[in-house]
Number of protein chains: 2
Amino acid sequence: MIKDKSFLIVGLGLLGGSIAMGLKKWNHKVYAIDIDPKAIEYALENGIIDRGSTEADAQLIGMADVIVSGLYPSLIVDWISCNQQNFKSGALVTDVTGVKGAVVDRIQSILRPDCEFIGVHPMAGKEVSGVQYADPAIFLPANLIITPTEKNTQQAVDFIYEMGKELRFNNICQLSVAEHDKMIGYLSQLTHVIAVSLMNANDSRELVQYTGDSFRDLTRIAKINEHLWTELFLLNKDNLVQQIDAFVAEISDFRDALEKEDVEKMKQKFITSTERRKYFDR
Amino acid sequence: MIKDKSFLIVGLGLLGGSIAMGLKKWNHKVYAIDIDPKAIEYALENGIIDRGSTEADAQLIGMADVIVSGLYPSLIVDWISCNQQNFKSGALVTDVTGVKGAVVDRIQSILRPDCEFIGVHPMAGKEVSGVQYADPAIFLPANLIITPTEKNTQQAVDFIYEMGKELRFNNICQLSVAEHDKMIGYLSQLTHVIAVSLMNANDSRELVQYTGDSFRDLTRIAKINEHLWTELFLLNKDNLVQQIDAFVAEISDFRDALEKEDVEKMKQKFITSTERRKYFDR
């Protein structure tokens with residue numbers, strides 16, 4: 001089904017570039033649109049794409065069977081509504097956005113009826129951005145989550161599975177939009193809030209020489225793109241606030257046990273966390 | 001100065017065993033006392049020690065130029081006061097305890113005047129315990145922190161530097177007891193409290209298949225020895241409660257910015273954490 005399909009990547013950053021590289025290995029035609037001429041130039045020079053433009057080139061847009069948005073969440077709805085008159089009839093449209101509630105419904109409600117949008121979240125990334133860091137190897141250990149709604153066809157879901165296999169994702173699975181955003185609020189967004197807050201709780205530059213692996217592991221993701229993550233957090237605000245509150249309640253409970261020297265309660269918390277963490281061993 | 005010295009390890013667990021193995025490479029005589037016959041048997045069979053006993057053997061204790069306590073903090077003061085009558089005159093006594101305020105002063109105030117105690121913290125470990133997991137390679141990336149007081153001689157400090165070099169620690173440095181415990185409250189103990197609380201905030205077993213590296217990194221140390229860490233936390237209670245409070249204040253400030261959609265404040269926090277984290281890159 002995916003054989004001979006052509007792809008247009010809109011927003012050629014780290015993720016868009018990595019997808020382009022992965023698709024090129026299967027001899028798909030891959031096009032790209034990005035406002036940064038350096039990104040397009042780099043991708044053309046390095047054989048990452050077949051054709052590119054820094055503008056919303058109607059002809060290029062009309063050539064694609066599949067359109068993959070690598071845009072920031074704040075831009076994606078506008079871009080689709082401004083350019084959908086040029087989409088090929090029957091085009092499948094998808095994205096890489098890290099929260100789904102704020103984009104999937106809005107896009108599906110405005111999209112031309114002869115096209116289909118299906119939400120996708122590749123749980124992959126790096127602490128750097130830009131097509132020059134693109135590398136399809138980031139998908140090898142990663143999950144691809146598909147968030148279909150009642151507006152999606154089985155054909156579209158099957159197509160994303162095929163695409164995910166071509167890109168060599170470790171695991172491809174489906175969640176509802178609501179389940180996805182709740183899960184991501186805990187596993188990804190809360191962990192980033194914690195890392196940032198741990199880093200900001202002290203000006204600890206003078207402690208570098210004493211620092212072991214634990215602190216480095218917990219703060220690795222405190223290096224963070226402030227524009228993207230502010231958007232993602234705001235788009236999932238209710239879930240994330242709830243997760244922060246649950247975490248703060250738990251750590252406050254631990255603090256009180258420590259202050260009261262409630263040895264049994266402290267030990268029980270260590271036993272619980274040890275048991276639970278075992279499920280996450282690889 | 002360290003050449004030809006003999007060592008007695010009291011409490012032959014992961015750290016004690018790793019020290020024994022590291023010292024044997026330099027042809028020191030290494031003895032050990034542990035209440036667990038399996039630990040002593042294993043260490044003798046594998047050439048980790050030259051002699052061992054499951055009891056506080058007066059003769060064995062008297063043979064050692066240097067005594068290294070690998071005991072739990074709650075046991076170390078009692079063990080020294082019960083057995084110091086058998087120490088060789090001039091013996092240097094040291095330890096591996098992760099908090100210093102609760103042990104250094106007490107030991108120095110009860111120790112025989114012809115012996116010397118100097119506090120040492122090897123910032124190394126594994127998520128498993130026992131001499132069968134001992135491996136001196138755990139010291140290669142690690143810090144050795146010496147916490148001398150006005151009761152210590154320069155000779156003892158120099159000796160620990162030599163010992164740390166033989167054990168191939170990455171970095172050997174000195175801190176006061178108070179500085180050490182404050183630093184460890186933030187860099188090590190707070191990070192463990194966070195990992196445990198993140199793991200305990202949700203029963204997340206069903207989320208395993210969606211879990212990426214961030215969550216795994218932040219919860220790796222949630223697998224924790226409940227007996228040892230309860231002791232360590234209680235012995236550094238004031239510092240740790242203060243660190244938890246500072247962290248909770250910071251994460252609550254972030255939560256409020258998110259709830260109010262204070263974009264500028266959120267971005268500023270991400271910029272600060274990104275800048276600070278750069279100092280910790282290796």
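Just so we're clear, the structure is a prediction, and the values are computed from it rather than from any experiment. (Residues numbered from 1 in each chain as written. Chains lettered and ligands numbered in written order. Predicted model: local features only at pLDDT ≥ 70, side-chain atom pairs only at ≥ 80, totals over all residues.)

*Asks:* Is there a simple way to think about the overall build of chain A in this case?
*Replies:* Within chain A one finds eleven helices and eight strands. Referenced to the eigenvectors of the C-alpha coordinate spread, the extents of chain A come out at roughly 70 × 45 × 30 Å. When the 282 residues of chain A are sorted by exposure, 46% land in the buried category. Counting only contacts in chain A whose residues sit at least 6 apart along the sequence, the fraction spanning at least 24 positions is 71%. (Helix = DSSP H or I, 4+ residues; strand = E, 2+ residues; numbered from the N terminus. Buried ≥ 20, exposed ≤ 12 C-beta atoms within 10 Å, placed from the backbone. Contact = placed C-beta atoms within 7 Å.)

*Asks:* Could you clarify how one ought to interpret the packing of helix 10 (residues 237-259) of chain A against helix 7 (residues 177-200) of chain B in this entry?
*Replies:* The relative placement of two packed helices comes down to the angle between their axes together with the axis-to-axis distance. Where helix 10 of chain A contacts helix 7 of chain B, the two axes come as close as 9 Å, and the packing angle between them is 125 degrees. In this view, helix 10 of chain A runs oblique relative to helix 7 of chain B, as classed from their interaxial angle. Considering how the two elements wind past one another, helix 10 of chain A and helix 7 of chain B form a crossing that is right-handed. Facing helix 10 of chain A, whose interface residues are A:F247, A:E250, A:I251 and A:F254, helix 7 of chain B presents B:V193, B:I194, B:V196, B:S197, B:L198 and B:N200. Its residues placed into classes, the contact of helix 10 of chain A with helix 7 of chain B shows seven nonpolar, two polar and one charged. (Axes fitted to C-alpha atoms, helices over the stretch in contact; angles between N-to-C directions. Parallel < 35°, antiparallel > 145°, perpendicular 65-115°, else oblique. Left-handed = near helix turned anticlockwise from the far one by under 90°. Nonpolar A, V, L, I, M, F, W, Y, C, P; charged D, E, K, R; others polar.)

*Asks:* Explain the interface of chain B and chain A to me, please; I cannot follow it from the model alone.
*Replies:* It is common to report an interface's size as the accessible area lost on association of the parts. Chain B puts 73 residues into the contact, and the matching count from chain A is 73 residues. Of all the elements in the fold, those that place two or more residues in the side of chain B that touches chain A are strand 7 (143-147), strand 8 (171-174), helix 7, helix 8 (213-219), helix 9 (226-235), helix 10 (237-259) and helix 11 (263-278) of chain B. Among the elements that line the side of chain B that touches chain A, the one with the most residues is helix 10 of chain B, at 14 residues. In terms of residue class, the side of chain B that touches chain A is built from 39 nonpolar, 18 polar and 16 charged.

*Asks:* Hey, could you run me through the domain arrangement of chain A in this one?
*Replies:* All names here are of chain A. Segmentation of chain A into domains returns domain 1 (7-175) and domain 2 (180-278). Of all the elements in the fold, those that place two or more residues in the side of domain 1 that touches domain 2 are helix 4 (73-83) and strand 7 (143-147). Split by residue class, the side of domain 1 that touches domain 2 holds six nonpolar, six polar and two charged. (Domains from an automatic or database assignment.)

*Asks:* What is the right way to look at the environment of B:I251 in this model?
*Replies:* By secondary structure assignment, the location of B:I251 is in helix 10. Looking at B:I251, the number of C-beta atoms within 10 Å reads 22, which means it is buried. Not counting residues up to four positions away in its chain, the partners in contact with B:I251 are A:V193, A:I194, A:S197, A:I244 and A:V248.

*Asks:* Would you take a moment to explain the confidence of the model for chain A for this structure?
*Replies:* Caution applies to low-pLDDT parts of the model: their predicted coordinates are not meant to be read in detail. Looking at chain A, pLDDT values average 95 and 100% of them are 70 or higher. Scored as a complex, the prediction yields pTM 0.88 and ipTM 0.88. (pLDDT = per-residue confidence, 0-100.)

*Asks:* I would appreciate a short explanation of the environment of B:T54 in the present structure.
*Replies:* Residues and elements named next belong to chain B. Considering the arrangement of structural elements, one finds T54 in the loop between strand 3 (51-53) and helix 3 (58-62). Assessed through the 15 C-beta atoms surrounding it within 10 Å, T54 is described here as partly exposed. Through-space distance from the C-alpha of T54 to that of D34 is 5.0 Å; in sequence the pair is 20 residues apart. Ignoring anything within four residues of it in the chain, the contact list for T54 reads D34, I35, P37 and I40.

*Asks:* Mind showing me how you'd approach helix 2 (residues 37-45) of chain B here?
*Replies:* Each α-helix turn comprises 3.6 residues. Residues three or four places apart therefore point the same way. Residues and elements named next belong to chain B. Buried within helix 2 we find A39, I40, Y42 and A43. One side of helix 2 carries all its buried residues, which in axial view fall inside an arc of 165 degrees. Set apart from the buried face of helix 2 by more than 90 degrees, the exposed residues are P37, K38 and E45. Looking at the packing, one finds that the buried side of helix 2 touches helix 1 (14-24), strand 2 (29-33) and strand 3. Positioned one or two residues after helix 2, G47 has a phi angle of 65 degrees, which is positive. (Arc of directions from axis to C-beta.)

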